[in-house]
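Descriptive structure summary
The lines below spell out each chain.
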Amino acid sequence: MTGAGRPFRRVAAVAFAAALCLPGVALGAPVAPGDTAADSHVAIEEDAVEQADGDVAEFTLAVPRGESVAVVVTGPGGDRRLTLTDASGDGRVALALNSYVAGPGVTAAEVYDIGEGDRLSADDATGRLPAGTYRVAAYANDTGGEPADTAGLTLADPGLGNATVMVAPNGSRERLDSPAAIRRAQDRRWLTPADEVAVGDTFVLRLTVPGVAGAVANESGATDEARFRRLLAGPNASLLLSERMPGPSRLRQHLSLAAANVTTVAAEPANDTYYVAADLTALPRDYGELHEVGGWTFGEPHLIDGNDYVPRFVVDDEHRLNPSDLYEGWRTGRFFVVQPDATVTFPTEEDGTVAVAPAPNRTVAGWTNLAPGSTVTIRLSNAESDPFPLTETVRVARERPPGAEGAVYRFRAEFDLGGVAPGTTFDIEIRSNGTRLDPRDSWDDGYRGYVDPALVVADRSTPTASPTTSATPTDTAASASPTASPTPTAPSTTTASGTPPGDPATTPTRTASPTAETTAVDGPGFGAVGALLGALALAALGARRSGRRSP
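Residues numbered from 1 in each chain as written. Predicted model: local features only at pLDDT ≥ 70, side-chain atom pairs only at ≥ 80, totals over all residues. Heavy atoms only, no water.

**Focus: empty space enclosed by the protein**
Considering all chains together, one arrives at two cavities of 30 Å³ or more under this definition. Of all the secondary-structure elements, those providing two or more residues to the lining of the largest cavity are β25 (353–356), β26 (362–368) and β30 (425–432). With three residues, β26 is the single largest residue contributor to the lining of the largest cavity. Counted by class, the lining of the largest cavity contains nine nonpolar, two polar and one charged residues. Each pocket or cavity is described by its volume, and for the second largest cavity that value is around 30 Å³. (1 Å grid on protein atoms, 1.4 Å probe; cavity = no way out; pocket = protein on both sides within 12 Å on 5 of 7 lines; lining within 4 Å. Points joined across faces, edges and corners; volume = space filled by probe spheres on them. Helix = DSSP H or I, 4+ residues; strand = E, 2+ residues; numbered from the N terminus. Nonpolar A, V, L, I, M, F, W, Y, C, P; charged D, E, K, R; others polar.)

**Looking at unusual backbone geometry**
The omega torsion across Asp386 and Pro387 is 5°, close enough to zero to call that bond cis. Mapping Pro387 onto the fold places it in the loop between β27 (375–381) and β28 (390–395). Positive phi is not limited to glycine here, since Asp317 has a value of about 65°. Position of Asp317 relative to the elements: it lies in the loop between β21 (308–315) and β22 (318–319). Unlike most non-glycine residues, Ser324 shows phi in positive territory, near 70°. Tracing the backbone through its elements, the reader meets Ser324 in the loop between β22 and β23 (335–338).

**Things to note about the side chain of Asn369**
When you line up the elements, Asn369 lands in the loop between β26 and β27. Asn369 sits in the buried class, given a relative accessible area of 2%. Only 2.9 Å separates the side chain of Asn369 from the backbone oxygen of Gln339, close enough to count as a polar contact. A polar atom in the side chain of Asn369 sits 3.0 Å from the backbone nitrogen of Asp341. (Buried < 20%, exposed > 50% of the residue type's maximum accessible area, 1.4 Å probe, protein only. Polar contact = N/O pair within 3.5 Å; in protein donor to acceptor, adjacent residues only side chain to side chain.)

Okay, here's the thing in structure tokens:
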């Protein structure tokens, strides 16, 4: 939709059921017979519209006979008079009012916009539209007598916005290019709210900021995304991630989310909601206090494990997010940067050595801080017998143990150890995107596996096996789920390159049967032992994060 002046996108107004109580105005009141408007067919479809000051309000006028309609907007600062003509002949005229643009020296054609093919003229409609309550009156053909219809308009103080941080798998930012794509990723459970972002994951910032839709609409571009990007890249706005507590000997680091080549945006101005997706390591950076920013440089920024960042969004020199001192503890959208890691959990693990039974469907599982949907590769190697090395690539699942804090998500991989000679030892290594994911509190070279012939595997053909008490160590299949029946395993998702194909949400993840589980697992059906082991795994992760900066 375009107007006579600068093009801008019409933003749907939020209508509420009760009409505004305006002095001397009864919205929708009947007109006495004989009055000018008694038989008028011109009408405003909305009873009342409320928007934040700086957004775009919209009204739809029914003009079934196609004549000209005078519209008078009365409120703070006096009257604004417009003449609308249904030149398209469709019996309707859509009128949009951009309160962000309104001000001294601005033409009415820049502030008001109408539907394609219709006409607008305005001799007396300039001036500011400050926050307040307005009356919108429509007159058929002229402004004599009573209006044909009236509606209320409220422009409210927008206040400050809110921000939410989400994470997605590495390399997925370009797929988050529209609100529909964002919703699909959430529905498929690979876009996840979080307050920790592992280095290398895709960072997504959701902004809910009333009062900037008019600024977005005033930019040129064919889509909301294009206009929002132009606003971010222009001189009137900035969107930064600022280091909250850089330390006594370091300047504060700022990361810019405005660079089009390393960010993807989505926009819903009608809902005051905007998204920016990026890889933190690719963002341009600068140092110093906020007023000194200006020398942006590319190259991987200095992201310290445990440091926290705060988003700041400034439009026309007004802070829309997190004004004042960044050292203050509570900040909307605050998040921590963490180095990627993984912890393997086994009920029979001792001093980094894992005992497993010589049997098929042995599961290696644990927790990682990588985003759900990410791929991890588990490799069993450095053994002296066949069939080593063994490698499986699986997806990180959006499973969390009870009471988990921060980024803690589940991975599982199954291995056939039925033909392995008892007493064999091997290394267990976990990698993602070429990076080895060792637990950050580990002082050794990772985990070692040991094929223990003393471990007894429950008979899978007996669906109602009863638990027994024995001094002999048993595999979790016997201790954690004595009455479980076999569960089919998803088909292999590993390609020749070692990476599962397709959407993180639609590619099957190898999921072990509970009866074959050799690890601690959370959720119903695994009993107190599983819950205790899950808690121990969490304690290990908590120890790793104990070095995080205090608020």
